[in-house]
Amino acid sequence: MSSVLDSDPAAVAASTVQKRTLRREIRELNAYVVPDSSGMLKLDAMENPYSWPESMREQWRRVLADVAVNRYPDAAAVRFKEQLRRTMAVPDGIEILLGNGSDEIIQIIQLASAVRQRPVLAPDPSFVMYRTIARWLGRPFVAVALDAQFSLDIWAMLEAIGRTEPNCVFIASPNNPTGNLFATQHIEQIIEATDGLVVIDEAYQAFAGMSLMPLMAKYDNVVILRTLSKLGLAGLRLGYLLGSADWLREFDKVRMPYNINSFSQAGAEFALQHYDVFELQVQTLCAERQRLITALRQRDALEVYPSDTNFIMFRVPSDRSGSVHGGLVDRGILIKKLRGPRLDGCFRVTVGAPEQNDMFLASLGTVLER
Ligand SMILES: *Cc1c(COP(=O)(O)O)cnc(C)c1O
C-alpha cells in the first residue's frame, strides 16, 4: 500500500509542479527550527535575561503608545540612527545601514554581491546564517576549518582565498559558537589577501570589550556588522552595518524600503537613551561568565573554552552528550547541543542571571554524576 500522500493525485501533481518551480537547493534545505521552550529556562539563544526598572518600563509604554501606526515608518530611520551614532560612538565619515536583525543584513550583502561563480567564504564552525543564506541564493560557500584551538588557521584561510577567490568573507569577532576572538593580525592578513569585501560580524562586541571598527579607516574593503539582539533587544530585531558611504549606498539599494517598523525605531531610540542600564547588565553578565567558567572548570569531565561573549562553549565526553542534553531538558533547562566539525560533545550555554546560572550548574552537576 502506498501512503496517502503519494497516492493523492493532487499531492503528486503539486510535488511535480514544485520540482519544476522550486530550486533544488531550496527543496533540500531544512527550515530553521526553534525548539519549543514554554516553561523552560532558556539558555540556548544568547538572550539577555534581565528586564528593565519599572520607571523605565512606564516611560517606554508612553513612547510606544504615541507611535502613529497608520503611517509608514520613517524609511531612513533618521532619529534612531542619530541616537545609535551617539551611543555607539560611530566615527564621522562612517555610515549606518539598518536591518531587521543583522541576519537581514547578511542577506542584503550576499544578495548585492551575488556574482554566481564567486563564493562566500567563512571559517568553520561559525555562524550558520552565512552558509544558509548562500544556499538560498545558490551561491557557492567555502568553509575553512578552524584549528584545534578554534583559532583561525591562517594558512588554510589564505590558501582557500587564493584558490577559490571569494568576493565576500564573513568573520565573526568574537566567533559563534566557539566564543573566542581571533588574532587581529590574522584578520588583517585576510583583509589584505582578498580582493573582495570582508564583513566583520561583531554581534558580541559589548561582551568582548574591544572592536575592530578602527580597521575601516585602514582598509577600504572592510565593513562592520553589529546587532542590538545580544545586548538585550532581541525582540525588536535591529541589526546595523557600519561602513563607508561607497559600500552602504550600494547595499541600501537592495534593502526593503520600510524594513524597520515604527515600534522598533521608537523603542530602540528610547532604549539607547538609557544605555547605562544595558551597560550595567553587561557588566553583571561578564562577571557571571567568569564565575560560570571557574565553576565548570572544576569538573574534570568537562573541557571549558575561553569566552569573549555572553555564552560559554564546553565539551563533555562525546558518549555522554546525549544524556547530558536529555538530563538538562528533563530538569527544564535548554542549552544548545552543537553539531559540526570538531564539535563532538560540545554545548553552548548562554550566561544568565546569577540564580539561573546556579540552577544550570546544579542540574549539570546532577546529570554528570549519574
Ligand atoms: C546572533 C548572531 C547574529 C544575528 O543577530 P540578529 O538577531 O539577527 O541581529 C549575527 N551574527 C552572529 C555571529 C550572531 O551570533
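This one's a predicted model, so the numbers in the text were calculated from it and none came from an experiment. (Residues numbered from 1 in each chain as written. Predicted model: local features only at pLDDT ≥ 70, side-chain atom pairs only at ≥ 80, totals over all residues. Heavy atoms only, no water.)

A. Spotlight on the overall build of the protein chain. What the protein chain contains, in helices and strands, is 17 helices and 13 strands. Here the C-alpha atoms of the protein chain give a radius of gyration of 22 Å, agreeing with the 21 Å that 2.2 N^0.38 yields for 370 residues. Oriented by its inertia axes, the alpha-carbon framework of the protein chain measures out at about 65 × 60 × 50 Å. When each of the 370 residues of the protein chain is scored for burial, the buried share is 48%. A fraction of 72% describes how many contacts in the protein chain between residues 6 or more apart in sequence connect residues 24 or more apart. Counting every atom, the protein chain has about 18100 Å² of accessible surface; 52% of that belongs to carbon and sulfur. Charge centroids of the protein chain, computed over 40 positive and 43 negative side chains, lie 4 Å from each other. (Helix = DSSP H or I, 4+ residues; strand = E, 2+ residues; numbered from the N terminus. Rg over C-alpha atoms; globule rule 2.2 N^0.38 Å. Buried < 20%, exposed > 50% of the residue type's maximum accessible area, 1.4 Å probe, protein only. Contact = heavy atoms within 4.5 Å. Areas by Shrake-Rupley, 256 points an atom, 1.4 Å probe, with all protein chains shown as cover. Lys, Arg positive; Asp, Glu negative; His and termini not counted. Charge placed at Lys NZ, Arg CZ, Asp CG, Glu CD.)

B. Representation of the site of the ligand in the model. Around the ligand, the structure places Gly101, Ser102, Asp103, Phe127, Asn176, Asp201, Ala203, Tyr204, Thr227, Ser229, Lys230 and Arg237. Take Asp103: an N or O atom from its main chain is 3.1 Å from an oxygen atom of the ligand. Here Asn176 contributes a side-chain N or O atom positioned 2.9 Å from an oxygen atom of the ligand. Its free accessible area being 390 Å², the ligand has 94% of it covered by the protein chains. Counting residues per element, the ones that place at least two in the shell around the ligand are helix 6 (102–112) and helix 12 (229–233). In terms of residue class, the shell around the ligand is built from three nonpolar, five polar and four charged. (Near = heavy atom within 4 Å. Polar contact = N/O pair within 3.5 Å; in protein donor to acceptor, adjacent residues only side chain to side chain. Nonpolar A, V, L, I, M, F, W, Y, C, P; charged D, E, K, R; others polar.)

C. The arrangement of the nonpolar core in detail. Core analysis: the biggest nonpolar cluster contains 81 residues, and Leu228, Phe314 and Phe360 have the highest contact counts within it. In terms of residue count, helix 15 (residues 275–297) provides more of this core than any other element does, eight residues in total. Two domains share this core, each providing at least three of its residues, namely domain 1 (41–52 + 276–368) and domain 2 (67–273). Phe314 has contacts with Leu296, Leu302, Glu303, Val304, Tyr305, Ile335, Gly345, Cys346, Phe347, Val349, Phe360 and Leu364, leaving out every residue within four places of it along the chain. Of all hydrophobic cores here, the second largest spans 23 residues; its members include Met129, Tyr130, Ile133 and Leu241. (Core = buried A, V, L, I, M, F, W, Y, C linked by side-chain atoms within 4.5 Å. Domains from an automatic or database assignment.)

D. Summary view of the environment of Glu250. Its place among the elements puts Glu250 in helix 13 (residues 245–252). The partly exposed category is assigned to Glu250, whose relative accessible area is 36%.

E. Looking closely at the sheet that holds strand 13 (residues 346–350). Taken together, four strands build an open sheet; the order of strands is 9-10-13-12 and the sheet is antiparallel. Of all strands in the sheet, those bounded by a partner on one side alone are strand 9 (303–304) and strand 12 (336–337). Sheet analysis places strand 10 (residues 311–315) next to strand 13, joined by five bridges and oriented antiparallel. Note that in strand 13 the partner of Arg315 across the bridge is Cys346. (Pairing = 2+ DSSP bridges.)

What is shown is where atoms sit, not what they do.
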